[in-house]
Amino acid sequence: MGETVHKLAPEKLEVLWVEYKENGDIDAKNDLLLHYGYLVKWIVRRMMPKYNNYNEYDDLVSCGMIGLIDAVDKFELKHEVKFETYAVTRVRGEILDYMRSQDWASPSLRKKITAINTAYESFESKYPGQQVDQQVADSLGMPVEQVHKVLNQTHMFNLINFEDALGTANPEAEIKNRDEKTPEDELLEKEKKAVLVEVIDELPEKERTVITLYYYEGLLLKEIADILNVTESRVSQIHSKVLAKMKTKLEKVV
């Protein structure tokens, strides 16, 4: 079942922004939040694979809405930046803060991650191009749903660590200080970008395809899974693995 999207015409949005920012109209603010709510759901769907019996979607949407409210409150119309660009960074930041507060990397989880990754590599070498979730689960004596749960946690853990290594900027600081970066800051950013390009170029074909479709084409993990004819859990695993590689490389730059 599709979700209802409440989008307003650009002219109406301009009026609402003025009414809220200049007059403090709470009804205008609520209309803005209703309009931009789709951003939160889109971000959560991209950040978090959804599996049966393991779904924190509603929790992450709630966190994202807190970020959206904060973005609406602090956004200044005088800045020459689209609100969507500003809001996405703030919403992602709020969600990542929540994810950091969870126990994504307990010793038992790390052990399961290693066992599952090893099993996938083994079965995929025996049955190339086939979905092997059930074989992996059976070999480990785990339900498929439990395998998916671990992969989801792995994905989120690596996503958090990758974002931390990347050093995602605070949106307000980015707006205010974009012209105040030192030559050292500019050089570090260039080095990070060069490292990421190098890592992507060296990836095996399937891993490079996942990263390209996710980051450059903006597809969801489920959509990528359909294209590659694999399960969403497998795409999540590939994505997570690449993030871990990128994080390791980035840490050598900083």
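The structure this text deals with has already been given above.
This text gives an overview of the structure that appears in the document. What you are looking at is a predicted structure, and each value in this text was computed from that prediction instead of being measured.

## Quick notes on the packing of aromatic side chains
Piece 1. Considering all chains together, one arrives at seven aromatic pairs under this definition.
Piece 2. For the pair Trp 17 and Tyr 36, a centre-to-centre distance of 6.2 Å together with 45° between the ring planes defines the contact as tilted. A residue pair is termed long-range when its members are at least 10 positions apart, and Trp 17 in helix H1 (residues 10–23) and Tyr 36 in helix H2 (residues 26–47) qualify at 19 residues. No difference in accessibility class separates Trp 17 from Tyr 36, as the two residues are buried.
Piece 3. On the basis of an interplanar angle of 55° and a centroid distance of 4.6 Å, the ring pair of Tyr 36 and Phe 83 is categorised as tilted. Pair noted here: Tyr 36 is in helix H2 and Phe 83 is in helix H4 (residues 83–100), with a separation of 47 residues, a long-range link. Considered together, Tyr 36 and Phe 83 belong to a single accessibility category, that of buried residues.
Piece 4. Among the aromatic residues, those joined into a ring-pair cluster are Trp 17, Tyr 36, Phe 75, Phe 83 and Tyr 86.

## Let's talk about the pattern of salt bridges
Piece 1. One pass over the structure, following the stated rule, counts five salt bridges.
Piece 2. As a salt-bridge pair, Asp 226 and Lys 222 come within 3.8 Å of each other at their nearest N and O atoms. Pair noted here: Asp 226 and Lys 222 are both in helix H11 (residues 221–228), with a separation of four residues, about one helical turn.
Piece 3. Look at Asp 226 and you get exposed, because its relative accessible area is 54%.
Piece 4. Through salt bridges with shared partners, a single ionic network connects Asp 70, Lys 74 and Arg 90.

## Comments concerning the nonpolar core
Piece 1. Formed by 44 residues in total, the largest nonpolar core has its most connected members in Phe 83, Ile 95 and Met 99.
Piece 2. Of all elements in the fold, only H1, H2, helix H3 (57–74), H4, helix H7 (144–166), helix H9 (183–202) and helix H12 (232–253) reach the threshold of two or more residues within this core.
Piece 3. Considering every element that reaches this core, the biggest residue donor is H2, with nine residues.
Piece 4. Once residues within four sequence positions are removed from consideration, Ile 95 is found in contact with Ile 43, Val 44, Met 47, Leu 60, Cys 63 and Gly 64.
Piece 5. Grouped together as the second largest cluster of nonpolar side chains are 14 residues, Ala 137, Val 147, Val 150 and Leu 151 included.

The rules behind the values
- Residues take numbers from 1 onward in each chain, read along the sequence in its written order.
- With pLDDT at 70 or above as the cut-off, local features in this predicted model cover only qualifying residues; side-chain atom pairs require 80 or more to be listed or tallied, and sums for whole chains, interfaces and linings still use all residues.
- Side-chain figures throughout are based on the complete set of non-hydrogen atoms in the structure, without hydrogens or water.
- Only Phe, Tyr and Trp rings take part, Trp by its six-membered ring, and two of them pair if their centres are within 6.5 Å. Stacked means planes under 30 degrees apart, edge-to-face means over 60, and tilted covers everything else.
- To qualify as a helix, a DSSP run of H or I must reach at least 4 residues; to qualify as a strand, a run of E must reach at least 2; elements of each kind are numbered from the N terminus.
- Think of it in three bands: residues with accessible area under 20% of the maximum for their type are buried, residues over 50% are exposed, and the middle band is partly exposed, with areas taken using a 1.4 Å probe on protein chains only.
- By definition, a salt bridge exists where a carboxyl oxygen of Asp or Glu is found within 4 Å of a side-chain nitrogen of Lys or Arg.
- By convention a nonpolar core is built from buried Ala, Val, Leu, Ile, Met, Phe, Trp, Tyr and Cys residues, the set being connected through side-chain atoms within 4.5 Å.
- Residue contacts are defined here by distance: any two heavy atoms, one from each residue, within 4.5 Å place the two residues in contact.

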